[in-house]
Amino acid sequence: MSEDQASFLNYPRGIKSWLFTLDHKRIGLMYLIAIMFFFFVGGVLAMLIRLELFSPGKTIMEAHTYNQMFTLHGAIMIFLFIIPVIPAALGNFVLPLMLGAKDVAFPRLNLLSFYIYIFGALFALYSIITGAVDTGWTFYTPYSTESTTSVISMTFGVFILGFSSILTGLNFIVTIHKLRAPGLTWFNQPLFIWGLYATAIIQVLATPVLSITLVLLILEKAFGIGIFDPAMGGDPVLYQHFFWFYSHPAVYIMILPGMGIISETITVFSRKKIFGYKAIAFSSLAIAFVSFLVWGHHMFTSGQSEIAAMIFSFLTFLVGIPSGIKIFNWLATLYRGQISFEAPMLYTLSFLFLFTIGGLTGIFLGTLALDVHLHDTYFVVAHFHYVMMGGTVMAFLAGLHYWWPKIFGRLYNETLAKIAALFIFVGFNATFFVQFILGSRGMPRRYYNYLDQFQPLHAFSSVGSWIMAVGFLIMGFYLISSLFNGKRAGKNPWGALGLEWTISSPPPHDNFAVTPQVSHGPYDYDKIAVERD
Amino acid sequence: MSQERTHTDHILPNKTYLLVAAALLVFTAITVRVSFIDLGGYNAIAAIAIATFKALLVSFFFMHLLYDKKIYLFVFSIGLLFVGVFIALTMFDTLRRADIYDVTAEPIQKDAVIYQENPADSTRADERSGQH
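The structure presented is a predicted model; accordingly, all values stated were derived computationally and were not measured. Counting restarts for each chain: residues are numbered from 1 in the order of the written sequence. The order in which chains are written sets their letters, starting at A; the order in which ligands are written sets their numbers, starting at 1. Reporting in this predicted model follows two pLDDT cut-offs: at least 70 for local features of residues, and 80 or more for side-chain atom pairs to be given and counted; totals over whole chains, interfaces and linings ignore these cut-offs and use all residues. To obtain the side-chain values, all non-hydrogen atoms of the structure were used and water was disregarded.

### Section: the pattern of salt bridges
Any carboxyl oxygen of Asp or Glu that lies within 4 Å of a side-chain nitrogen of Lys or Arg is treated as forming a salt bridge with it. Counting across every chain of the model gives 7 salt bridges over all chains. The salt bridge involving aspartate 235 of chain A is made with arginine 97 of chain B; its shortest N-O contact spans 3.1 Å. Of this pair, aspartate 235 of chain A sits in the loop between α8 (191-223) and α9 (236-268) while arginine 97 of chain B sits in the loop between α3 (70-94) and α4 (119-131), each in a different chain. Judged by its relative accessible area of 22%, arginine 97 of chain B is partly exposed. Taking the shortest distance from any N to any O, the salt bridge between aspartate 93 of chain B and arginine 97 of chain B comes out at 2.8 Å. You can call aspartate 93 of chain B buried: its relative accessible area is 0%. Here the salt bridges do not stand alone but share partners, grouping Asp235 of chain A together with Asp93 and Arg97 of chain B into one network. Working definition: helices are DSSP H or I runs of at least four residues, strands are E runs of at least two. Numbering for both runs from the N terminus. With a 1.4 Å probe rolled over the protein chains alone, any residue whose accessible area is under 20% of its type maximum counts as buried; one over 50% counts as exposed, and the rest are partly exposed.

Following this line, the structure appears as structure tokens:
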């Protein structure tokens, strides 16, 4: 009990100590709560969309409401959930612990970025109340400049959220450079740090472009300054260049930290040293670099020049190389390991299956001639859900379950966790695999109504979403109940090697009583026998 | 980790500052002058080039980038590189967009049998269209 009282959760006490905290663990936890709230909202919207699509024509809502629903689902899931979830929530919590540091480099900036996130989120909520946006999350011109829904407040909210993302990225870059424990060299640090580092570079480099784009959009909409409207001398395709110059790298902001988590969990639960440490580390940087060169593959059918489309198609294939390097290195890590199937490992294996499908279908879509047919169909919807949900969300769930005992000092019910993982995996595939078939048969995305021939597959997909929802409900139940009656976790319930597992769970206010000295690699499971505690 | 200062603050002579300021004024005048000359599409390039050069002067001398640790110069140039990438790849689209209409029709070989109608085929074709 005395150890518990010294934990960051209980010390210092009082609501003000939380609201004005500079402790990276508390800020991470506040992020986690806020982000999970929006994940829930986005998830409910997704369920409503799937219910509407259960049958052709009107099922539960009008067409205009449906347009607002899928726009909000996309905008909330992208800007309020998936971009910040791993870096800002889990990264904030574990990065300083992994580095052996007491906090991030700029604790006040960290708190500021949290409040900027909340402020941006309030703008987004305000726009929902005052007439939800119906443009799709991409806010494409010319429709977005003409739509009478609250485009300005939503895009302004996203503009504000961008600053939160930039400040977190900046903070992480400086923290990773400056606050390393003695002995923790660049090639001796956990790969999650490499993932966060590559992510932070993209956040700092690309996010300002999104901010500029949205400001230009607001200027055109509010003051009639011609930037994207051809009638005023603008170019609507230019909007897409601006938008995707950020938003394609943003896909890697979403997936790279997830890949970092996979490198952690796959080694712990197969008791193996990671295969190809440097290859995985450098492939993260390679993905970050290539991510800036491929945005035009979103625009193959939008009227961009043929030569640009060919260049972007070629460059897009390059992404397959570092992604493939990672997948094969993880598989090689599993080979002859002592694999155990706890919940984090189940999500890790799900990631390997689903991300591979998502990645390979990305090659289909990057192929110029094929994309002309598949563009804007459900094939694309299935592809990015396999990458984003099958990839990032599965990795996030792996990380959440892996670090849950560290964050809260409690163990969740492992059996229920396995059942939930099974529901989510089966439900996910039932929901999205059929969408590949729907898309390849010509079902366009974002449509309210559809031909009767698509009904069975749409219904199948909707039933899949219910299975997945059951999985998430079970997860919500056992995670929350673990806070009240879960078994107390020791320092190191998984027998892992990282520095975060050398201190009590939940960690004390100051993390480390003395600065740790690192003398071994992060994955030396072949040399060091770690006891579960 | 303790911070060690590896260098002392660099102080430039006033003369350098005044020279740079003068150069900035001269280039501002050039920008204005050039805008009155019709260079076609090159007007924008000229304006951007002059503005970039002026920004470099400010960051190198007023902001001491040239005299600071080289890592900052490296980070700065990465930013410039990606602005370059953005403009260059976008220009591949906007400058070459008309190419899409460059397809010229090729004459169909005279007397080539493209579709030969005979009674048997036409009934089959009717059946096919009936199915659709």
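### Structural notes on the domain arrangement of chain B
One frequently used descriptor of interface size is the decrease in accessible area upon assembly of the parts. All names here are of chain B. A domain assignment, automatic or from a database, supplies the domain bounds used here. When its domains are assigned, chain B resolves into domain 1 (12-63) and domain 2 (67-97). On a C-alpha basis, the centres of domain 1 and domain 2 stand 19 Å from each other. In what follows, residue pairs with any heavy atoms lying within 4.5 Å of each other are defined as contacts. Across the contact, 5 residues belong to domain 1 and 4 residues belong to domain 2. Summed over both partners, the interface of domain 1 with domain 2 comes to about 400 Å²; 81% of that surface belongs to carbon and sulfur atoms. When the buried area of domain 1 at its contact with domain 2 is split by residue, Leu12, Leu56 and Phe60 rank highest and sum to 60% of it. The interface formed by domain 1 and domain 2 contains 0 salt bridges. Polar contact is defined as a pair of N or O atoms within 3.5 Å, subject to the rule that within protein one atom must be able to donate a hydrogen and the other to accept it, and that residues adjacent in sequence are counted only when both atoms are side-chain atoms. For the interface between domain 1 and domain 2, the tally reads 0 residue pairs in polar contact (both at pLDDT 80 or more). Only Asp, Glu, Lys and Arg are considered charged, only Ala, Val, Leu, Ile, Met, Phe, Trp, Tyr, Cys and Pro nonpolar, and every remaining residue, Gly among them, polar. Partitioned by chemical class, the residues of the side of domain 1 that touches domain 2 number 4 nonpolar, 1 polar and no charged. Defined here as a combined quantity, buried area equals the accessible surface (1.4 Å probe) lost by two parts on assembly, summed across both.

### A closer look at the nonpolar core
We define a nonpolar core as any set of buried Ala, Val, Leu, Ile, Met, Phe, Trp, Tyr and Cys residues linked to one another through side-chain atoms lying within 4.5 Å. The biggest cluster of nonpolar side chains holds 181 residues, and the ones touching the most others in it are Phe79, Trp330, Tyr347, Phe351 and Trp403 of chain A. For this core, the element with the highest residue contribution is helix α4 (residues 63-99) of chain A, accounting for 24 residues. With near-sequence residues (within four places) excluded, tryptophan 330 of chain A lies in contact with Met259, Ile262, Ser263, Ile266, Ile274, Ile280, Phe351 and Leu352 of chain A. Core analysis: the second largest hydrophobic core is formed by 5 residues, Leu12, Val20, Leu57 and Phe61 of chain B among them.

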